[in-house]
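Below are the chains, spelled out letter by letter.
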Amino acid sequence: MQRRTLLIGLAALPLAACAATPAPPRTPGAPITLVSAFKGRSTGRGHFRVWLTGDERRFTARLNGTVTGPDGARALTVVEDFLYDDGQKDRLTWVFREQGPGRWSGKREDTVGEAVVIEKDGLIRLSYTADFRSPSGVNRLGFNDILYSDPGGSIINDAVVSRAGIPVASVRFVIRR
């Protein structure tokens, strides 16, 4: 029985690798950049869904982004105030630093190392590892996000979440101005 489980697990690895990155949108809206998506005030609603169990954790967030520095060496600071449906509140602050055309690095209180941000083809791809707090404790998770605008003007942030390199969950966060 253990051998069969191992073989099924090994056969599923290529599928898991494909699921490690969110699919690009079928009908994207206007092109976005990190600054156009997060400068100023916005609000959003989202959910974190565990694939195996179907458990969901819903949240709202208020965002406030400010930009400093000259083009080519800008810093974007985004303060995120989260309120989860179970009553937990959290404040996290991203500080992104422009590395070159279409490239940023970022850090937040819970990230392990630096996030990598690539702006390309009107989309934003964001990859990072974070120690995620939940009611059950702290989990080290990998996030691969794709951000884009929809035809209605909202910013959509879709993410695939991994634990120990295996995709286990997804996040969808819809941001409106």
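The coordinates are above.
Residues numbered from 1 in each chain as written. Predicted model: local features only at pLDDT ≥ 70, side-chain atom pairs only at ≥ 80, totals over all residues. Heavy atoms only, no water.

Undergrad: Honestly, the side chain of Ser42 in this entry has me stumped. Any pointers?
TA: Looking at the secondary structure, you find Ser42 in strand β1 (residues 40-50). Residue classification places Ser42 among the buried residues on the basis of a relative accessible area of 5%. Those residues in contact with Ser42 that sit more than four places away from it in its chain are Ala61, Arg62, Leu63, Ile175, Arg176 and Arg177. (Helix = DSSP H or I, 4+ residues; strand = E, 2+ residues; numbered from the N terminus. Buried < 20%, exposed > 50% of the residue type's maximum accessible area, 1.4 Å probe, protein only. Contact = heavy atoms within 4.5 Å.)

Undergrad: What is the right way to read the pattern of salt bridges from this model?
TA: In the structure shown here, the tally under the stated rule is 13 salt bridges. Two residues, Arg140 and Asp131, come together in a salt bridge whose shortest N-O distance is 2.7 Å. Under the relative-accessibility criterion, Arg140 is labelled partly exposed at 47%. On the basis of relative accessibility, which here comes to 25%, the residue Asp131 falls in the partly exposed class. Residues Arg172 and Asp158 are paired through a salt bridge, measuring 2.6 Å at the closest nitrogen-oxygen approach. Taken together, the residues Arg172 in strand β10 (residues 166-176) and Asp158 in strand β9 (residues 155-163) connect sequence positions 14 residues apart. Since its relative accessible area comes to 13%, Asp158 is described here as buried. One network of salt bridges, in which partners are shared, links Arg49, Glu56 and Arg58. (Salt bridge = Lys/Arg side-chain N within 4 Å of Asp/Glu carboxyl O.)

Undergrad: I keep staring at the packing of aromatic side chains and nothing clicks. Help me out?
TA: We describe a pair of aromatic rings using the distance from one ring centre to the other and the angle between the two ring planes. In the structure shown here, the tally under the stated rule is eight aromatic pairs. With a centroid separation of 5.1 Å and an interplanar angle of 85 degrees, the aromatic rings of Trp94 and Tyr128 are classed as edge-to-face. One end of the pair, Trp94, is in strand β4 (residues 89-100); the other, Tyr128, is in strand β7 (residues 123-134), and 34 residues separate them in sequence. Judged by relative accessible area, Trp94 falls into the buried class, the value being 4%. Ring centres of Tyr128 and Phe143 lie 4.9 Å apart, and the angle between their planes is 5 degrees; this geometry places the pair in the stacked category. Linking Tyr128 in strand β7 with Phe143 in strand β8 (residues 137-149), this pair joins segments that are 15 residues apart in sequence. Since its relative accessible area comes to 6%, Phe143 is described here as buried. Here the aromatic cluster, defined as three or more aromatic residues joined through ring pairs, consists of Phe59, Phe82, Tyr84 and Phe173. (Phe/Tyr/Trp six-rings, centres within 6.5 Å; stacked < 30°, edge-to-face > 60°.)

Undergrad: Would you take a moment to explain the sheet that holds β10 for this structure?
TA: Adjacent strands of a sheet pair through backbone hydrogen bonds, lying either parallel or antiparallel. Taken in spatial order, the 10 strands of this closed barrel run β1-β2-β3-β4-β5-β6-β7-β8-β9-β10, and their pairing is antiparallel. Neighbour-to-neighbour, the strand axes of this sheet turn through a mean angle of 25 degrees, independent of strand direction. Note that strand β5 (residues 103-107) and strand β6 (residues 115-120) share four bridges and pair antiparallel. Among the inter-strand pairings, Arg103 is bridged to a residue of β6, identified as Ile118. (Pairing = 2+ DSSP bridges. Axes fitted to C-alpha atoms, helices over the stretch in contact; angles between N-to-C directions.)

Undergrad: Just to check I follow, could you spell out the environment of Arg133 for this structure?
TA: Tracing the backbone shows Arg133 in strand β7. Separated by 23 residues in sequence, Arg133 and Asp110 place their C-alpha atoms 8.8 Å apart. Once you skip the residues sitting within four places of it in the chain, Arg133 turns out to touch Arg57, Gln88, Lys89, Asp90 and Val138.

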